[in-house]
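An overview of the molecular structure
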Amino acid sequence: MSELRTLQHFIGGEPTAPSSGEHFDSINPATREVLYRAARGNAADIDAAVHSATEAFGDPRWRDLSQTRRGRLLRRLGDLIGEHAEELARSESLDNGKLLREMRGQLATLPEYYYYYAGLADKIHGEVIPASSRQILNYTVREPLGVVGAITPWNSPLTLTTSKLAPALCAGNTVVVKPSEYTSATVLRLAELVIEAGFPPGVVNVVTGLGPEAGQPLVDHPGLAKISFTGSTATGARIASAAAARFIGSTLELGGKSPNIVFDDADVSNAATGVVAGIFAAAGQTCIAGSRVFAHRAIYDELLERVAERARSIRVGDPLLDDTELGPLAFEDQRNKVASYVDLGRSEGARVLTGGNATDAGLGGFFYEPTVLVDVNNQMRVVREEIFGPVAAIMPFDTEDEVVALANDTEYGLAAGVWTSNLARAHRMAGRLDAGTIWVNTYRAMSPMSPREGFKNSGIGVEHGTETMREYTRLKSVWINTDEGPVPDPFVMRS
């Protein structure tokens, strides 16, 4: 153990040992080998990080920096991420088991998020409001909130941290990040690059540790002006309640059980590829996974055959190898959860067409076969509840009205896919489906320029695009009387 790399918190611009002196192991999910030890944070560490962020928020080096210069720092940070892309991609793949080639793709586009918000930094402004008197000037300004707390998940640590960090910094806030205990390394490395880019110390702080020990103290800290969280709906509900009790803002990107709908006029080959990409990419460990597949009865058998054939041929194995197509689940409890849901599906009457077994892929890790469930209906728990693994449930439908009702019959509303060659139907479905993101003849497309919002139990608030800047700023209305004469007596009637 003494030879293992030890990672500390990052507070005030430098590595900081945990106040308790305790660390925890991070496990490579492909091999079960210990990768490193990370600082086990607690309330005292969170307090130190929030104090550092509060001081940095008032520091003239950050407070008085022009918006254009903030944009330059963000652009420099994007450049540094690009320069270290291979290092970051490999580190993230080792940490959470995602394919190295997928992480290379993510890291290739990640700088664009910082470039986008760099360009947006000096476009944040208010407006002049017409007043009832020409002697009154009324204008608005948008100001940073203060210290933002960000709690990020393990499935895409850098991308989902960036979704919070980039707009928060763009607006002039300071940030305390609590990454998932399963994926600490790349977020800590990102904090080092923040300093290298020229941001003042304390603008970005990272405290690693477990949710109850570090995450909850961050949510409860009185020094926060906002909390942003990506994760489960149950945890999001608790965070929303805590934030509401203190009247601070919260942005919550939560769970999903997204429908992927294939009509009989679709290109079935393309649709089958879209279904596979929607649920088996990233081993299904994504909130937007198209886990409920609805196929028109006329093409149901053909689509099912194509999807099942491709699922059987997916190469499961070492995520660092270029020919691997499915890596492990991120940790053992997650694989156990997936396995328990497939067993539940069997008990509910579902049939496993392919897959349905845990495996170690010859590496000793936490793998699960790509799985297709049939003979299912929209009322089964395996269809209604988020599994977060490589499990697709495929069901037939007959009419457009029927599939709209089925697709919307869920507590979630994060995303939906539609496959059709009928342009009128594409627009019609986009309007009728109750989800924040609708993809037509594609799946999982995204951009920093396009806003993303979850409906229903999939969250509150917006990430990405210009809309998200409302989440990280506050609006102030200023009234100025330009008349230098005496102020009228309010109790004297004027004609």
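Residues numbered from 1 in each chain as written. Predicted model: local features only at pLDDT ≥ 70, side-chain atom pairs only at ≥ 80, totals over all residues. Heavy atoms only, no water.

An unreviewed UniProt entry lists the chain under the name Aldehyde dehydrogenase, from Mycolicibacterium goodii. The UniProt entry for the chain carries this comment under Sequence similarities (unreviewed entry): "Belongs to the aldehyde dehydrogenase family." (UniProt positions renumbered as here; feature names shortened; annotations may be inferred.)

1. A closer look at the overall build of the chain
Along the chain, the regular secondary structure elements total 15 helices and 27 strands. The C-alpha radius of gyration computed for the chain amounts to 25 Å, which stays within 12% of the reference 23 Å derived for 495 residues, consistent with globular compactness. Expressed as a percentage of the 495 residues in the chain, the buried residues total 54%. Considering only contacts in the chain between residues 6 or more positions apart, those separated by 24 or more positions represent 73%. A total of about 20400 Å² of accessible surface is found on the chain, and carbon and sulfur atoms cover 51% of it. The average position of the 47 basic charges and that of the 61 acidic charges among the side chains of the chain differ by 3 Å. (Helix = DSSP H or I, 4+ residues; strand = E, 2+ residues; numbered from the N terminus. Rg over C-alpha atoms; globule rule 2.2 N^0.38 Å. Buried < 20%, exposed > 50% of the residue type's maximum accessible area, 1.4 Å probe, protein only. Contact = heavy atoms within 4.5 Å. Areas by Shrake-Rupley, 256 points an atom, 1.4 Å probe, with all protein chains shown as cover. Lys, Arg positive; Asp, Glu negative; His and termini not counted. Charge placed at Lys NZ, Arg CZ, Asp CG, Glu CD.)

2. Notes on the packing of aromatic side chains
What characterises a pair of aromatic rings is the spacing of the ring centres plus the angle enclosed by the ring planes. For the structure shown, the criterion picks out seven aromatic pairs. Taken together, a centroid distance of 5.0 Å and an interplanar angle of 85° make the contact between Tyr116 and Tyr117 edge-to-face. Given a relative accessible area of 1%, Tyr117 falls into the buried group. On the basis of an interplanar angle of 85° and a centroid distance of 5.4 Å, the ring pair of Phe263 and Phe397 is categorised as edge-to-face. Here Phe263 is found in the loop between β13 (259-262) and α10 (268-280), whereas its partner Phe397 is found in strand β19 (residues 391-397), with 134 residues between them in sequence. The buried category is assigned to Phe397, whose relative accessible area is 0%. Aromatic ring contacts, followed pair by pair, group Trp154, Tyr182, Phe331 and Phe388 into a single cluster. Residue placement shows Arg75 over the ring face of Tyr115; its charged tip is 4.5 Å from the ring centre. (Phe/Tyr/Trp six-rings, centres within 6.5 Å; stacked < 30°, edge-to-face > 60°. Lys NZ or Arg CZ within 6 Å of the ring centre and 35° of its normal.)

3. A word on unusual backbone geometry
Despite not being glycine, Phe247 shows a phi value in the positive range, around 60°. Among the secondary structure elements, Phe247 is positioned in the loop between α9 (233-245) and β12 (249-253).

4. Considerations on the sheet that holds strand β1 (residues 5-7)
Strand pairs in the sheet, formed through backbone hydrogen bonds, run parallel or antiparallel to each other. If you walk across this open sheet you meet the three strands as β1-β5-β4, and the pairing is mixed. For this open sheet the edge positions go to β1 and β4 (23-27), each flanked by a neighbour on one side alone. The sheet shows a mean angle of 30° between the axes of neighbouring strands, direction not considered. By the bridge criterion, three bridges tie β1 to strand β5 (residues 34-39) in an arrangement that is parallel. Residue Leu7 lies in a different strand from β5, and its bridge partner there is Ala38. (Pairing = 2+ DSSP bridges. Axes fitted to C-alpha atoms, helices over the stretch in contact; angles between N-to-C directions.)

5. Observations regarding the pattern of salt bridges
Side chains that differ in sign of charge can pair as their charged atoms come close. Here the structure, examined in full by the defined rule, presents 34 salt bridges. Ionic pairing is found between Lys98 and Glu102, a salt bridge with its closest N-O pair at 3.6 Å. The same class applies to Lys98 and to Glu102, which are both buried. For Glu192, the salt bridge identified is with Arg189, shortest N-O distance 2.9 Å. With Glu192 and Arg189 both in helix α7 (residues 185-197) and three residues apart, the pair spans about one turn of that helix. The exposure class assigned to Glu192 is partly exposed, which follows from its relative accessible area of 34%. Each of Asp265, Glu400, Asp401, Arg425, Arg428 and Arg432 takes part in one network of salt bridges that share partners. (Salt bridge = Lys/Arg side-chain N within 4 Å of Asp/Glu carboxyl O.)

6. Thoughts on the UniProt feature "active site" (unreviewed entry) in the chain
Residues annotated by UniProt as "active site" (unreviewed entry) correspond here to Glu253. By secondary structure assignment, the location of Glu253 is in strand β12. Here Glu253 is in contact with Leu160, Phe229, Thr230, Gly231, Cys287, Arg452, Ser458 and Glu463, once residues within four sequence places are set aside.

7. Observations regarding the side chain of Thr286
As for its position among the elements, Thr286 is in the loop between α10 and β14 (292-296). By relative accessible area, Thr286 is classed as buried at 11%. The residues touching Thr286, leaving out its near neighbours within four places in the chain, are Asn155 and Phe388.

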